[in-house]
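# Descriptive analysis of the structure
Each chain is listed here by its residues.
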Amino acid sequence: MPITAAEHAALVEKDKLQLHPLQHPKAHADPLIVERSEGVYLYTTDGRKILDAMAGLWNVNIGYGRKECAEAAYKQMLNMAYTSNYVGMSNRPSIELAARLAGYAHPTLNHTFFTSGGSEANDSAFKTARYYWKRMGKKDKYKVIARKSAYHGITLAATFATGVSRYHEMFGPAIPGFIHVPAPYPYRYEGDMKPGETVGQAAARAVEEAILREGPDTVAAYIAEPVMGVGGVIIPPDDYFPLVRQICDKYDVLLMVDEVINGFGRTGKRFGINHWNLRPDILSFAKGVTSGYLPLGGIQVSDAIMDAINSAPESESWMHGHTYSGHPASCAVGLVNLDIYERENLVEHSRLMGEKLQAGLKSLMVDFPQIGEARGIGLLCGIEFVKDRKTKEQDPATAAKVANAAQARGIRARSVPNATVAFSPPLTINEDEIDQIIKTFAAVLDSI
Ligand code: PLP
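The sections below set out a description of the structure shown in this document. All values reported here derive from a predicted model rather than from experimental measurement.

Turning our eyes to something else, we now look at the packing of helix α7 (residues 199-214) against helix α8 (residues 240-250). The interhelical angle for the contact between α7 and α8, taken along N-to-C directions, is 20°, at an axis separation of 8 Å. It follows that α7 is roughly parallel to α8 by the angle criterion. For the crossing formed where α7 meets α8, the hand is right-handed. Along its contact with α7, which presents G200, Q201, A203, A204, V207, E208 and I211, the element α8 presents Y240, L243, V244, I247 and K250. In terms of residue class, the contact of α7 with α8 is built from 8 nonpolar, 2 polar and 2 charged.

As structure tokens, this is what we get:
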């Protein structure tokens, strides 16, 4: 139920006591205060109905209003709200969820550690990579090769693994050892290309050159989102990851994938790596594991890493963990969430609806030359704005303007780096709702 204008204004005023993520007071002068949500829609205190084409923050994959998730959390909290998963303790939902996730993303990933979210997962991955090499007697291997435009989260290490400089500027000095190479960005590859080379080959060569420049004995890992999300929905060419896997093997570098956005059906396959049959050594996940109903994330590690941890003398224990590692209510919700994916065949639905959304976004390019490229894979899509299709000069101001105007007309998409407006709706979205997104964007672009 909408509230009165005075009540809404009072809430907005009170909200100023909070510090919000990426806080700038300008962005919170008149926030959308969401009161209720159902399916793909948000309902705000000032009476608006908004189609959430971002699924929250790329996470509410099963859509809003699922009673089963609430009931699973309620039952678990009444029965046993919390127990530690630390040394010598465990709980049934975390045991069951870790078992269910064994081999779920890739047959070689059978061991799961739980965190509360994606940044903690990536920090866990970095620490585990360092730990592994220390256990292998290679104590100097600590550096991580990451990519420009990557987003890996907001804890200190994840911030400096991120390849978007805005996230670094006010938080330096940088943590040493994060090296950024060009992303495999087919529309605008930033690195050097040799004659006859593909973007995938050039970007993979950049990884190899970085490892050689830094010294393979100092490089612990390489990290990549299979498909970049926040950085502008950047989809690698098919030859990239197979080459990177070979390079990592050649130089004893662990291959880490950040599946925080890609995982659990977002790209039309269960995980991003499944598009290229990529075998990671460590995989980070979060978001879609509970579809945002409760916080949860984690990493999965290979047998070799698990063996290194399990065979360590006590003095070399893996001294890592969180109060909420394996939180029973979050894990109970995770189990129900996996049931829903399977029962409703949501990964396949994501692929099919993704094709429709991608086709719709591409069709906008016919009338609107401001769009340089429309791209997508499953229900992870983006349109990149340019000042001129020939020069491909990016136009972030138009991207921001379009996203704001769309929200005012009832569609929530998000303007992200690389002058891109991103779309990542719940995987449950239907054809009519996709039509609604495309029609609204056509109207917005017409008006700008
Ligand atoms: N990794 C990727 C690829 C992400 O997109 C995000 C968040 O958007 C994170 C990590 C960080 O996850 P969290 O915000 O749960 O810490």
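A few words on empty space enclosed by the protein. This structure, assessed with the given rule, holds 1 cavity of 30 Å³ or more. Of the volumes computed, that of the largest cavity is approximately 30 Å³. Lining the largest cavity, in full, are K148, S149, A183, Y185, R188 and E190. Residues that form the lining of the largest cavity fall into these classes: 2 nonpolar, 1 polar and 3 charged.

In this fold, L364 is placed in helix α11 (residues 346-367). For L364, a relative accessible area of 4% gives the class buried. Expressed as a C-alpha distance, the spacing of L364 and V386, which sit 22 residues apart in the sequence, is 14 Å. Each residue touching L364, except ones within four places of it in the same chain, is listed here: I371, I438, F441, A442 and L445.

A separate point is the layout of surface pockets. By volume, the second largest pocket is sized at about 900 Å³. What lines the second largest pocket is a set of 31 residues, among which N85, F113, I309, W318 and H320 lie closest to the centre. Where the lining of the second largest pocket is concerned, the elements lending two or more residues are α4 (92-101), β4 (109-115), β10 (297-302) and α9 (303-310). Per-element tally for the lining of the second largest pocket: the top contributor is β4, with 5 residues.

Analysis parameters
- Residues numbered from 1 in each chain as written.
- Predicted model: local features only at pLDDT ≥ 70, side-chain atom pairs only at ≥ 80, totals over all residues.
- Heavy atoms only, no water.
- Axes fitted to C-alpha atoms, helices over the stretch in contact; angles between N-to-C directions.
- Helix = DSSP H or I, 4+ residues; strand = E, 2+ residues; numbered from the N terminus.
- Parallel < 35°, antiparallel > 145°, perpendicular 65-115°, else oblique.
- Left-handed = near helix turned anticlockwise from the far one by under 90°.
- Contact = heavy atoms within 4.5 Å.
- Nonpolar A, V, L, I, M, F, W, Y, C, P; charged D, E, K, R; others polar.
- 1 Å grid on protein atoms, 1.4 Å probe; cavity = no way out; pocket = protein on both sides within 12 Å on 5 of 7 lines; lining within 4 Å.
- Points joined across faces, edges and corners; volume = space filled by probe spheres on them.
- Buried < 20%, exposed > 50% of the residue type's maximum accessible area, 1.4 Å probe, protein only.

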